Amino acid sequence: LLLSQFILFVGAGAVIPTLPLYGRSLGLSCVANGVVVAAPALSLLLFSRLSSERTNRTQKPAMMAGMALIALFDVLTSLLSALLSLLVARLGLGLERALAEAGERGMLADLASRAPSPRGRALALQQAAVGLGMAIGAPVGGVVVEEFGPRSALLCLSAAAVVA
């Protein structure tokens, strides 16, 4: 579980610094680019509670389905160039993140409840895996973008979601 989160967040870290460059390459204004960047977070906010309620008993399938759909929506984002279609793809990404993360957090909570004494350590390790993935992913994303262009980072995240 921790390894899959680490891999996914290396991919996510690779995308974060490249999204403004990608938006600029498409001719988006700073405001439009900000909306595209923020869209998954808005969707995650709106659908996290519903996702957690729906995935209570099906955590691993929810996580796996969410990861597969994250890969799909990132590939779509890399192929699209119109603002409206980008927004739809990025909102879909946030929805699928809500599903995948509800499954991941539910699995982690179940594992931690089986051994209550190391619960804090398990949660700290999960956060460390996410943070380390982001910290490694950002410079990796910079190298990938310099070598292959802004769309390539989105494909890296898709690959990370499939591998994770």
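Our subject in this report is the structure included herewith. These figures come from a predicted structure and were not determined experimentally. (Residues numbered from 1 in each chain as written. Predicted model: local features only at pLDDT ≥ 70, side-chain atom pairs only at ≥ 80, totals over all residues. Heavy atoms only, no water.)

1. Focus: helix α6 (residues 119-148)
With 30 residues, α6 should cover 44 Å at 1.5 Å per step; its first-to-last C-alpha distance of 42 Å lies within 8% of that length. The sharpest bend along α6 measures roughly 25° and falls at glycine 137, with the proline proline 139 sitting one to four residues further on. Every buried residue belonging to α6 is among Gln126, Ala129, Val130, Gly133, Gly137, Gly141, Val144 and Val145, and all of these are buried. Buried residues along α6 sit in contact with α1 (2-15), α2 (19-25), α5 (83-114) and α7 (151-163). Within two residues after α6, glycine 149 carries a phi angle of roughly 100°, on the positive side. (Helix = DSSP H or I, 4+ residues; strand = E, 2+ residues; numbered from the N terminus. Expected span 1.5 Å × (residues − 1). Bend = angle between axes of the 7 residues up to and from the residue. Buried < 20%, exposed > 50% of the residue type's maximum accessible area, 1.4 Å probe, protein only. Contact = heavy atoms within 4.5 Å.)

2. A closer look at α7
With 13 residues, α7 should cover 18 Å at 1.5 Å per step; its first-to-last C-alpha distance of 19 Å lies within 8% of that length. Turning to α7, its buried residues number three or more, namely Ser152, Ala153, Leu154, Leu157, Ser158, Ala160 and Ala161. On the buried face of α7, the contacting elements are α1, α2, α4 (59-79) and α6.

3. A look at a nonpolar patch on the surface
Residues Leu42, Leu45, Leu46, Phe47, Leu50, Leu91 and Leu95 make up a contiguous nonpolar surface patch of about 620 Å² in total accessible area. Those elements that place two or more of their residues in the nonpolar patch are α3 (30-54) and α5. Here leucine 42 lies in helix α3. (Patch = residues over 30% accessible without salt bridge, like charges linked within 9 Å, V, L, I, M, F, W, Y side chains within 5 Å. Areas by Shrake-Rupley, 256 points an atom, 1.4 Å probe, with all protein chains shown as cover. Salt bridge = Lys/Arg side-chain N within 4 Å of Asp/Glu carboxyl O.)

4. What to know about the side chain of glutamate 104
Turning to its location among the elements, glutamate 104 is positioned in helix α5. Among residues more than four places away in sequence, those in contact with glutamate 104 are Leu1, Gln5, Leu8, Met63 and Met67.

5. Quick look at the pattern of salt bridges
Throughout the structure, instances matching the rule amount to three salt bridges. With a closest N to O distance of 3.1 Å, glutamate 101 and arginine 97 form a salt bridge. Taken together, the residues span about one helical turn, with glutamate 101 and arginine 97 both in helix α5 at a distance of four residues. The residue glutamate 104 makes a salt bridge to arginine 105 at a minimum N-O spacing of 3.9 Å. Exposure remark for glutamate 104: the relative accessible area of 1% places this residue in the buried category. Look at arginine 105 and you get partly exposed, because its relative accessible area is 31%.

6. What about the packing of α3 against α5?
Where α3 meets α5, the closest approach of the two axes is 7 Å, and the angle between their N-to-C directions is 35°. Relative to α5, the crossing made by α3 is right-handed. (Axes fitted to C-alpha atoms, helices over the stretch in contact; angles between N-to-C directions. Left-handed = near helix turned anticlockwise from the far one by under 90°.)

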